[in-house]
Amino acid sequence: MQQERKFDKNTLVAFILMGALLLGYFYISQPSEEELKERAKQEQLAREKAESQKDTVAAVQSNGQISTTSDSTVLVAEAKDFEAENSKFKVKFAGKGGMISELLLKEYSAFEENSEDHKMPLYLIKDGNNEFNLKFKDKSGREIHTSQLAFSPSVQKSDSVTIITMTAPVDGGKLDFVYTVGTDYTIGFEVKSQGIHQITNDKNISVDWNLKASSLEKGKQQEHYWAQTYYRFKGTNDVEYELFGADEWSEKESIDWIAFKQQFFSSILSFDEGFQNPVGGSTVIDQEVDPSHSKDYRFAASMPISGSELNYKMQWDFVPLDYKLLSKNQYKGTDFDEIIPFGWGFLGWINKHFFLNVFQWIASLGMNYGWVIFWMTIVVKLVLSPIMYKQYRQSAMMRILRPELNEINEKHKGKDNAMKRQQSTMELYRKAGVNPLSGCLPALIQIPIFYALFRFFPNIIDLRGQSFLWAEDLTAYDSPITLPDWVPFMDGHLSILALSYIIAMVVYFRVSGSMDSFNQPPQEGMPDMRMMKWMMYLMPVFFFVFLNSYASGLSWYYLVSNVINIGIVMFIKNVMIDDKKIHAKIQENKAKPKKQSKWGSKMQQLMEQAQEAQKQQEQMKKRKK
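Okay, so let's go over this structure. (Residues numbered from 1 in each chain as written. Predicted model: local features only at pLDDT ≥ 70, side-chain atom pairs only at ≥ 80, totals over all residues. Heavy atoms only, no water.)

1. Here's the deal with helix α9 (residues 496-512)
Next, step 1: With 17 residues, α9 ought to run about 24 Å at 1.5 Å a step, and its terminal C-alpha atoms sit 24 Å apart, in line with that.
Next, step 2: Residues of α9 that are buried include every one of Leu497, Ala498, Tyr501, Ile502, Ala504, Met505, Tyr508, Phe509, Val511 and Ser512, and no others.
Next, step 3: For α9, the side-chain oxygen to backbone nitrogen distance between the N-cap and Ala498 is 3.2 Å, and the N-cap itself is Ser495. (Helix = DSSP H or I, 4+ residues; strand = E, 2+ residues; numbered from the N terminus. Expected span 1.5 Å × (residues − 1). Buried < 20%, exposed > 50% of the residue type's maximum accessible area, 1.4 Å probe, protein only. Polar contact = N/O pair within 3.5 Å; in protein donor to acceptor, adjacent residues only side chain to side chain.)

2. Looking at unusual backbone geometry
Next, step 1: Although it is not a glycine, Asp127 sits at a positive phi angle of roughly 55°.
Next, step 2: Secondary-structure assignment places Asp127 in the loop between β6 (119-125) and β7 (130-137).
Next, step 3: On the basis of relative accessibility, which here comes to 69%, the residue Asp127 falls in the exposed class.
Next, step 4: The backbone of Asn329 sits at a positive phi, close to 55°, despite the residue not being glycine.
Next, step 5: Among the structural elements, Asn329 can be located in the loop between α4 (323-326) and α5 (345-363).

3. Here we look at the side chain of Lys352
Next, step 1: On the secondary structure map, Lys352 appears in helix α5.
Next, step 2: Taking relative accessible area as the criterion, Lys352 reaches 12% and is therefore assigned buried.
Next, step 3: Among the polar contacts listed, one links the side chain of Lys352 to the side chain of Glu338, at a separation of 3.4 Å.
Next, step 4: Excluding its chain neighbours within four sequence positions, the residues that come into contact with Lys352 are Tyr323, Asp337, Glu338, Phe342 and Asn357. (Contact = heavy atoms within 4.5 Å.)

4. What to know about the sheet that holds β6
Next, step 1: In spatial order, the strands read β3-β4-β5-β6; together these 4 strands make up an open sheet with antiparallel pairing. Because the sheet does not close on itself, it has two edges, and the strands there are β3 (82-85) and β6. The average undirected angle you get between the axes of adjacent strands in this sheet is 25°.
Next, step 2: Here 4 bridges tie β3 to strand β4 (residues 89-93), and the two strands are oriented antiparallel to one another. Counterpart to Phe82 in the pairing with β4 is Phe93. (Pairing = 2+ DSSP bridges. Axes fitted to C-alpha atoms, helices over the stretch in contact; angles between N-to-C directions.)

In structure tokens form, the structure reads like this:
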């Protein structure tokens, strides 16, 4: 059991002495009046210094300097640009905005009319033509634009990889743009924050990207025509593009990459999580106003702020539009190859899997690209030669039957005999073994090939900058002859390759007999085909105006193709096809008993019914009169 503690006098005396000592210390250490005035003066100076430092921070942000805060101390330093490079490109990151301010592609050159070799370094980004900005509001409602912030770099290098971290202070926190430069055309891009939750209550952050594309090619019209915006919907293989001539576009679905495409190069920003509510557009730049740029692109979207800090992983790609590059290796599955406008459906397939493979196989033999096109034309003509033979043979049979067709027209004159005339004509075709539509089928088969080549030659980067004969660039027009500006439709030049092709086309028309059918007198009830003759003469004029400013590689292909066509037709006409033998074959076919097919029998029945209905209508008209 504990005993009750009694009051101790010694303890009381100890407390009294300790209190006396404390009172004595406070009295002795009390500052004098002079010391109080000096302390007040120091505090005032400290407050003035703090205000001055705040003004300095604001000025630094606008003048391209950097500021960081640590506890109550403000550190101020100049923002710095930083350059990095690999074997593919050289890039500069700007201190103001932390964005890419220069990007030079090392393996390619741009067209320069005034230089001796017509070449200059190819910059996709230079002289302020690129702006990337993230935008959000702080808790007071003030907008913060990263393009106006000042960033300073820190660098890490490991083997062939360089990591550049551009850091900017933001209202007591900080923002990092982390760029990773490797060995290819890709620049990794991460956005990270520290203390963002103390700065903003926003649920989303806005992203804006604007690029004024540099003019890089000789053929300005084609450069404008093939420059478009491409993007892919998140989680799909559905690649869409801005329609030709469209100024604005918007989507409700998220997209996982956006590409500002020029004729042979593209600047691409990817974000696997998806850009939400994307909108964009482009405007063609007048060359007389700004000859250094071709098109002004713009893009805006939003990204969600998930968690307490920003942590976005994006990617920049500045790529040449090389199908082999974009369809394989690190780009496989990205659908970047769809940015190359080889055409849709069958047109795209034949360009990617036939023309491109034939072209690159011949090019691997090491010859000039003009001769590559020459041999490629021969390969295509060999593939199509059976079709040409059948087409010309059918044309020859129709030519031999022309006298008998004229007899039928003469025998069954008038509108009243139109049905009989048609029946007799079809009967002649049946007995002679001629199908009038079979000659159209080979021509229809060649139309997709003809159109596919219109997309192939202006978009194959292998030909870019390759010269042949007097053509400086096979993806642009050849211009050995300059014309005055007042000459209409010629754009100040004359393409010899395009003119040569048109001459070869007219010669082919004459040799092949394509104009013969238009010289015949019109059948009664049928349109006068002689008017088509003048259309056939006008067609080469329209073609020439178009091809005069188009890819000279295409004009060269068509020139070679038509010369080969002339040779093939002459060979078929003089060696392979004998009109007398064809006539004898037709007469032999007439003599043979022909078993009418079900389709022919049905057609005959329908024609008889139509003829009977026509007679009844005529009788009704006579009764009414």
